[in-house]
Amino acid sequence: SYNAFGDCTALTEISIPDSVNKVGPGAFKGCTSLKLVEIGKSVRSWGSGVLNDCTALTSLIMDDNNRYLTYYNGALYNGDMSFLYQVLGGREGENFVTPIEVKEIDTYAFWNLKNVKNIMISDKVTYIPAYAMSNMGSVENVILQDKVEEIAQKAFANNENLKQVMILKNVTKIDETAFINCP
């Protein structure tokens, strides 16, 4: 459930068995020593920010029979990859491009990345939700495609390293707090 193992800084491994079908929001947030997560075949519901601040986590092991979640390129998606739940905090590589299938991004999807410097969002995404790209850690540059129409409150808040966000002409609404605390 919500924040069930939050801030368990000594936790290094998690195995979510086949008997579990739902992982609540923030369930493992702040588990800074977490290095291994195994997700069973029955997990179908994944809350927002489940792995926030798990900066030692570089990859997941997903049961091949899980058709509800997909792990690809250091990030967790729903089964058909149309929804991005979260990019892992310790994901290797400076560049992250959302796959073309991605239509929606979850709240806290890019929270506290340790290595990623550049992000490009899929051209099917139309909305950047609240906090989706806040507290991004090492991220310096973000490219939003032409389909993005709205950027919600605090969507990019608290990004000390953020230097540039490319916003194209179709954006019709940017909340006044979207970039708060981005020096």
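Provided above is the structure to which this section pertains.
Remember, predicted model here, so these are calculated numbers, not experimental data. (Residues numbered from 1 in each chain as written. Predicted model: local features only at pLDDT ≥ 70, side-chain atom pairs only at ≥ 80, totals over all residues. Heavy atoms only, no water.)

K.L.:
I'd like a description of the overall build of the protein chain, backed by residues and values.
P.N.:
Regarding its fold elements, the protein chain presents zero helices and 16 strands. Taken against the 2.2 N^0.38 rule, which gives 16 Å for 183 residues, the C-alpha radius of gyration of the protein chain at 16 Å falls within 12% of a compact globule. Seen through its principal axes, the protein chain has C-alpha atoms that stretch 45 × 30 × 30 Å. Residues counted as buried form 44% of the 183 residues belonging to the protein chain. With the model as given, the accessible surface of the protein chain reaches about 8,900 Å², and the carbon-plus-sulfur share is 45%. Here the protein chain holds 16 positive side-chain charges and 21 negative ones, and the gap between their average locations is 2 Å. (Helix = DSSP H or I, 4+ residues; strand = E, 2+ residues; numbered from the N terminus. Rg over C-alpha atoms; globule rule 2.2 N^0.38 Å. Buried < 20%, exposed > 50% of the residue type's maximum accessible area, 1.4 Å probe, protein only. Areas by Shrake-Rupley, 256 points an atom, 1.4 Å probe, with all protein chains shown as cover. Lys, Arg positive; Asp, Glu negative; His and termini not counted. Charge placed at Lys NZ, Arg CZ, Asp CG, Glu CD.)

K.L.:
Explain the side chain of N52 to me, using residue names and the numbers behind them.
P.N.:
Among the structural elements, N52 can be located in the loop between β4 (45-46) and β5 (61-62). Judged by relative accessible area, which is 6%, N52 ranks as buried. Aside from chain neighbours lying at most four places away, what touches N52 is F28, K29, G30, Q86, Y108 and W111. (Contact = heavy atoms within 4.5 Å.)

K.L.:
Run through the packing of aromatic side chains, naming residues and quoting values.
P.N.:
All told, the structure shown has six aromatic pairs when counted by the stated rule. Aromatic side chains F5 and F28 sit 5.4 Å apart centroid to centroid with 10 degrees between the ring planes, which places their arrangement in the stacked category. Of the two residues, F5 is situated in the segment before β1 (13-16) and F28 in the loop between β2 (22-23) and β3 (36-39); the sequence distance between them amounts to 23 residues. Since its relative accessible area comes to 42%, F5 is described here as partly exposed. Of the residues examined, F28 reaches a relative accessible area of 6% and is grouped as buried. When the ring of F156 is compared with that of F179, the centres are 4.9 Å apart and the planes differ by 10 degrees; the resulting orientation is stacked. (Phe/Tyr/Trp six-rings, centres within 6.5 Å; stacked < 30°, edge-to-face > 60°.)

K.L.:
Kindly report on a nonpolar patch on the surface, identifying the contributing residues and their values.
P.N.:
On the surface, I167, I174 and F179 cluster together into a nonpolar patch covering about 220 Å² of accessible area. With respect to the secondary-structure elements, I167 resides in the loop between β15 (164-166) and β16 (173-174). (Patch = residues over 30% accessible without salt bridge, like charges linked within 9 Å, V, L, I, M, F, W, Y side chains within 5 Å. Salt bridge = Lys/Arg side-chain N within 4 Å of Asp/Glu carboxyl O.)

Geometric values such as these leave the question of function open.
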